[in-house]
Each structure stands twice: as C-alpha cells, then as structure tokens.
Amino acid sequence: MARIRVLVVEDSATVRARLIEVLRSEESFEVVGAAENGREGIEFCRALRPDVVTMDMMMPEMTGLSATEYIMAYCPTPILIVSSSVNRGELFKTYEALAAGALDVLEKPTGEEPPGVWESGFLSSVRVVSRVRVITHPRARMLERQGSPPARSPASDAGSARSPCRIVAIGASTGGPGAIVEILRGIPPGFDLPIVFVLHINATFGTAFAEWLDGQSPHRVSYATDGESLALAAGRVVMAPPDRHLVIHNGRFRINRDPERHSCRPSVDTLFESVAREYGPSASGYLLTGMGRDGAAGLLEIRRAGGRTVAQDEASSVVYGMPHQAALLNAAERILPLSEIGPAITEVWHRQQAEPVA
C-alpha cells in the first residue's frame, strides 16, 4: 500500500520536529518535506505534490492563510490546519483558511494531553483528510463561471400550490465555511425568514465563527440562545453553538448536550428533524458539502413532511458525502450547484412576497 505523503508547514522548529516525529512513527506516512513559512510551503507543494499539507496559521514572510489561498487556487491539495491560534483575530484567519479550501483544523499539542491521545488524533485527521479529492478553490472557480453558461438544474416549484416557506434550515460540514458564505452573499438584504444553521467544526476553534460569519454578508449572524423565540430570529442567521445540539420546539430554540449523532454534536439530523416536526410543509432544508451522512435522514424527514429540500451537487462540493447520502435516500427534491442555492432560496421568498397568502 502506498504511503501517505505529507508536507509539514510550521515556523516553530520544536513543533515542526514533533509533527515530523509523530508522522514517522507510523509506516503508512512519509514526510516529503518541511517548510518554515507559507512561501516555502507553496514552493514545496508545487515541487513535491504531497497528498496532504499540515499548515500552521501564524508564520513569518507568508501566513498560513495566504499559503492556503494560493495552494487551493493553483495546486489543490488537502490541507489540515494545525494551529494554537485561539484569540479572536487569529481565529478569524483560521475561518478564512477554511473558507478558502482547507479541510479541517486541529489544535497543536499543549503537553497536557494524556500520552498518545493527541498523536492518535493527529494521525487520524491526516489520514482522513488525505482521502478527500479536493477541488479548486471556489473563489478561483467563480471567475471562470462568469464567462460560461449556468449549470442546468431541475425545475423549481414555481407555480405549484405549496405552503409558504417559514424557515430555512442549512447543514454543512467539510467545506461548509466557504459554502455558507457564498449562499448568504446570494441572498439579498431584507430577506425576512429565519435561517438556522449547523456546521461541524472543532469546538476549540468554533467559538467565534458566528461573529466572523456576521461580517461576511449583510445578514446578521449569532449563536442560538436556549429559550429564545423564533419570532425574534426573523431575517437573522442563527447557528448551533459549538458542541451543542440545536432543536426547535414550540416556537423556541432549545440547546442541549444529548449524545452525538454520527459522531457529531451539533448534528444536522437533530436540527432538520425538529424543523420537520415544527414546520411541516412550511419547512425548507438545504444540505451542503460534508463528510459522512449526517443530515441525509433529517432532510428526508423534511421532504416527507411536505417541505422543500435541496442538496448540493457533486461538482461544487468539497466533499460529496452528506449530500450524496441525501440523494441516495431520495431526500432532495432538487440537486443544485452551490452557486444556485442562494438564488433558489431567494426565489421562493420573492414569490411569496409577490403573492402573499391570504
């Protein structure tokens, strides 16, 4: 079996040596290079074509964010961020890197972990990331799409007699940060339906994601508060807090620490199923790029309740796992490229604005 070829990009000599040592402790990995900054990382990536890059964020000469943007635009390679950056400004850089195409983020070892625990998690993360067939950075692809005709998709429900949409529920995992930004930027200001959102992200690094996302579009974004009325969420984007399930019950947000589903907390299935129960045919669900199958069964529940359901297509997904599972279950009425999902949400809203229900 071919070994997984890894490029380590890290400015600290101590941490760099530790990462290399852990990787070399297993025969299934081969360290093909080690770079001290983002500029070297790009040069090595282009020359060595590794299977995976482990990327630090804060480095001299060129940051991990700038290196990630370049790599994903010009030599797409699976990137695992390995960072100790947990203050607000540095977290924002991490979110930018995830939006630019990095696949996952892992905290650097602190030295306080039980023996072998961090090492096992690190090797597992590198192994999982190496299996992803990454696509070119979406921001680079957008320029190409401007000169080509839009992808065709199944007809919408325009003209059909359906219940008005009262809520938009979205779920995403790997590749989700960039996907949700593109969707929100495709929805115009003044949109007055509540948007509820679950993203799988490492809890350590998820603490400021809503604040970062709030600055990426005209739409206000915040974490859900237990007991808050949905009536107060009109026109807002409300996210599940890190390591908490989000459900809707009797018109209010409820936050809990129930067991993980599909190894996930928050779980997209948990949110979608509650939306299906609460809103029935007035619900809408959108399942985006992500690894695994979380959200597929929940999207099916929304469809069975009469709601609108959409899954992202394979070509625009960073990882075609969760939306693929939804397609296999026939949970999605429509399969759309990412560029069409924001407009599809807007289309339903505009039609309701033009034809108010008596």
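A. Structural view of unusual backbone geometry. Geometrically, the link from Arg265 to Pro266 is a cis peptide bond, its omega value of 10° lying close to zero. Notably, Asn250 is not glycine yet its phi reads approximately 50°, a positive angle. For Ser263, which is not glycine, the phi torsion reads 65° and is therefore positive. Mapped onto the elements, Ser263 comes out in the loop between strand S11 (252-256) and helix H9 (268-279).

B. Molecular detail of the nonpolar core. In terms of nonpolar packing, the biggest core is built from 84 residues, with Phe122, Phe197 and Leu213 touching the most fellow members. Judged by nonpolar contacts, the second largest core, of 30 residues, contains Ala224, Leu246, Leu271 and Ala276.

C. Inspection of the sheet that holds strand S5 (residues 104-107) at higher detail. Ordered in space as S2-S1-S3-S4-S5, the five strands form an open sheet in which the pairing is parallel. Every interior strand has two partners, whereas the edge strands, strand S2 (29-35) and S5, have only one. In this sheet, adjacent strand axes meet at a mean angle of 25° when their direction is disregarded. Taken together, the three bridges between strand S3 (residues 52-55) and strand S4 (residues 79-83) define a ladder with parallel strand orientation. Looking across to S4, one finds that Val53 is bridged to Ile79. Of the strands in this sheet, strand S1 (4-9), S2, S3 and S4 are in contact with helix H1 (residues 13-24), which crosses S2 at around 165°.

D. Geometry of the pattern of salt bridges. This structure, assessed with the given rule, holds 17 salt bridges. For Arg18, the salt bridge identified is with Glu21, shortest N-O distance 2.9 Å. With Arg18 and Glu21 both in helix H1, this residue pair falls three residues apart, about one helical turn. Look at Arg18 and you get partly exposed, because its relative accessible area is 30%. Salt bridges sharing partners connect three or more residues here, namely Asp243, Arg244, Arg257 and Arg265.

E. The arrangement of the pairing of strand S13 (residues 308-312) in detail. Across the five residues that make up S13, a large majority, five, are buried. Residues of S13 alternate between two faces, with Arg308, Val310 and Gln312 on one and Thr309 and Ala311 on the opposite face, all of them buried. Two elements, strand S12 (residues 283-287) and S13, share four bridges in a ladder whose sense is parallel. Each bridged residue has a counterpart across the sheet, and for Leu287 the counterpart in S13 is Ala311. Judged from the three bridges that link them, S13 and strand S14 (residues 334-336) form a sheet pairing that is parallel. Paired with Gln312 across the two strands is Leu336, which belongs to S14. Since S13 and S14 lie parallel, the crossover through helix H11 (residues 322-328) that links them has a hand, and here it is right-handed.

Criteria and cut-off values
- Residues numbered from 1 in each chain as written.
- Predicted model: local features only at pLDDT ≥ 70, side-chain atom pairs only at ≥ 80, totals over all residues.
- Heavy atoms only, no water.
- Helix = DSSP H or I, 4+ residues; strand = E, 2+ residues; numbered from the N terminus.
- Core = buried A, V, L, I, M, F, W, Y, C linked by side-chain atoms within 4.5 Å.
- Buried < 20%, exposed > 50% of the residue type's maximum accessible area, 1.4 Å probe, protein only.
- Pairing = 2+ DSSP bridges.
- Axes fitted to C-alpha atoms, helices over the stretch in contact; angles between N-to-C directions.
- Contact = heavy atoms within 4.5 Å.
- Salt bridge = Lys/Arg side-chain N within 4 Å of Asp/Glu carboxyl O.
- Right-handed = clockwise from strand over helix to strand, strands pointing away.

Interpretation note: all reported values are geometric properties and have no functional meaning in isolation.
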